[in-house]
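# What the coordinates show
What follows is the residue order along each chain.
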Amino acid sequence: MIVSETQETWREGWRHWPLAAVISLVGIVLLAVLFGVMLGLVDPDADMFAGRNHVNVWLGSSLLLSGNAMELFRGAEVYSTHVLSVFGVGAGWQHWSYLPHALLVFAPFSLMPYLPSALVFLMATLALYGHAVSLQDRDFPPFSALLLLPFLLANILAADSGYLTAALMLYGLGLRDRHPVLAGIAIGVLTIKPQLGLLLPVLLIFEGNWRTFLAAVATALVMVALSLSLVGVNGWIGYAAFNAPYQIYLMNNLGGFFPNLVPSVFGSMRSLGFPAEAARLFHLPVALAAIAAFIWSLMRLQSPLARSRSLLYATFLISPYTQSHDLGALAALAALAARPESALPRSLAMLRIALSVLVALVPLITLLLGLKGLPLAPLVLLLAYGVTLATDRMIEASAAPARVQMA
């Protein structure tokens, strides 16, 4: 009995070797750069991540550990002063967008210089992401694993928290049936970037998964309570008075390349030069359609994986403010859909694969297409969502008679 269980565990692990190989390859590259810094072969002040989003993680941690965390919540001008004083003009434009309890996650990362901190942060969160992806299905074919590379590269180029937030999302989705409390803890931590989890409560309530739901609420409340010991009530008041309104201002007024990083209809319209009011008018019907499609999927799809995929597509079509390097969870589940399905007609199966491949490419090519005046990301997501919903339903319907016959 023990031998057979060990053999099955080995077979299960072997099915994930392509995923492990891709994640390990990226991790080795990051580790090599870190060793280069430690051995003096790479300048620790090198600007490979200058101006990237890890500035916020590192500086937030630095201000927290120096007892000045409230400087994060006194307005963009105050925060910009700290960014310029530490990083100089090379850091470019930065703003603190995280909720105060994100400081609990970022706290240790200014205990080392900026470049090693960014590399360690990326490696640690990459490992979490790889493990979270492995929980989504019994195997991860080589082609699907390779499709993760665009997102993996995009998040390195941004030096952002995309690995972390994607891992938290995937832990919440992948563990909600087997380990509901752990899933809830992951979802609770994901509230540091709440726009990514806006549909999770709907999913959990519909499925009656109250243990996950309550664990998520409890985790979020504990983190908020702990954050009060760091920044007090004034930190949250400052966030509501300065940080949140400034984010809305940026969404409505920021030009340049930034809108090209936003894969929503709103972001695409802004990148084409439409004013914010018009961009919202274009965005609204698509968001409403995505909500309707997500509700339909909850009622018609039975597979947890299919429901998870529907939730992720809908999330990025509904939320006007996400960035391309936030798409890691969707990239993983789209990659899993990019494989042959014998239950589908060949032409439809190929269309599903082609659109899933395009979705996996979105994190890397969103900016490039936007700069060329072709912000096609929301169109790709919308078409892929429709085809994926229809084909997931067909796959489940074809499997139902087989299950009945076996019973």
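The shown structure was predicted, so the numbers you read here are calculated from the model rather than taken from an experiment. By convention here, each chain's residues receive numbers from 1 onward along its written sequence. This being a predicted model, a pLDDT of at least 70 is required before a residue's local features are given, and a value of 80 or more before pairs of side-chain atoms are given or counted; all residues contribute to the totals for chains, interfaces and linings. Excluding hydrogens and water, the side-chain figures rest on all heavy atoms present in the structure.

The criterion for an aromatic pair is that two Phe, Tyr or Trp rings (for Trp, the six-membered ring) have centres within 6.5 Å, with stacked assigned to planes under 30 degrees apart, edge-to-face to planes over 60 apart and tilted to the rest. Under the defined criterion, the tally for this structure stands at 15 aromatic pairs. Centre to centre, the rings of W96 and F106 are 6.4 Å apart; their planes meet at 85°, and the pair counts as edge-to-face. Placement of the pair is W96 in the loop between helix 4 (76–87) and helix 5 (103–106) and F106 in helix 5, with a sequence separation of 10 residues. By the burial criterion, W96 is buried, and F106 matches it. Arranged with centres 5.6 Å apart and planes meeting at 80°, the rings of F151 and Y163 form a pair that is edge-to-face. Only DSSP runs of H or I reaching four residues or more are called helices, and only runs of E reaching two or more are called strands; each is numbered from the N terminus. Categorising residues by exposure relies on relative accessible area from a 1.4 Å probe, with only protein chains included: less than 20% of the type maximum marks a residue as buried, more than 50% marks it as exposed, and the intermediate range marks it as partly exposed.

We now examine the pattern of salt bridges. Salt bridge, as used here, is a side-chain nitrogen of Lys or Arg placed within 4 Å of a carboxyl oxygen of Asp or Glu. Counting across every chain of the model gives nine salt bridges. Linking D160 and K193 is a salt bridge whose minimum nitrogen-to-oxygen distance equals 3.8 Å. Here D160, found in the loop between helix 8 (149–158) and helix 9 (162–174), pairs with K193, found in the loop between helix 10 (180–190) and helix 11 (200–207); they are 33 residues apart in sequence, far enough to count as distant. Here D160 falls in the buried class, since its relative accessible area comes to 4%. Between K193 and D326 there is a salt bridge, and its shortest N-O distance comes to 2.9 Å.

Even without glycine at this site, A159 takes up a positive phi of about 50°. One can find A159 in the loop between helix 8 and helix 9.

Quick look at the packing of helix 3 (residues 54–65) against helix 4 now. Viewed as axis vectors pointing N to C, helix 3 and helix 4 meet at an angle of 100°, and their least axial separation amounts to 11 Å. The orientation of helix 3 relative to helix 4 falls into the category roughly perpendicular. Contacts between helix 3 and helix 4 involve V55, N56, W58, L59 and L63 on the former and, on the latter, Y79, H82, V83, V86 and F87. Only the stretch in contact is used when fitting a helix axis, every axis being a line fitted to C-alpha atoms; angles between N-to-C directions are given from 0 to 180 degrees. Orientation categories follow fixed angle ranges, with anything under 35 degrees roughly parallel, anything over 145 roughly antiparallel, 65 to 115 roughly perpendicular, and all other angles oblique. The contact rule is simple, with two residues in contact once any of their heavy atoms fall within 4.5 Å.

Here we come to a nonpolar patch on the surface. Any residue with relative accessible area above 30% and no salt bridge may belong to a patch, with like charges joined within 9 Å and the nonpolar Val, Leu, Ile, Met, Phe, Trp and Tyr side chains within 5 Å. A 1.4 Å probe and the Shrake-Rupley method give the accessible areas. Residues count as covered only by the protein chains that appear here. Taken together, V202, F206, L284, L288, I291, I295, W296 and M299 make up a surface patch of nonpolar side chains, about 700 Å² in accessible area. Only helix 11 and helix 14 (276–300) provide two or more residues apiece to the nonpolar patch. Along the chain, L284 turns up in helix 14.

Before going further, it helps to examine the side chain of H54. As for its placement among the helices and strands, H54 is situated in helix 3. Residues in contact with H54, not counting those within four places in the same chain, are Y114, S117, A118, F121, A158 and A159.

Now for the side chain of S117. Checked against the element boundaries, S117 lands in helix 6 (residues 114–134). Relative accessible area serves as the criterion here: at 0%, S117 is assigned to the buried category. Not counting chain neighbours up to four residues away, the residues in contact with S117 comprise H54, W58, F109 and M112.

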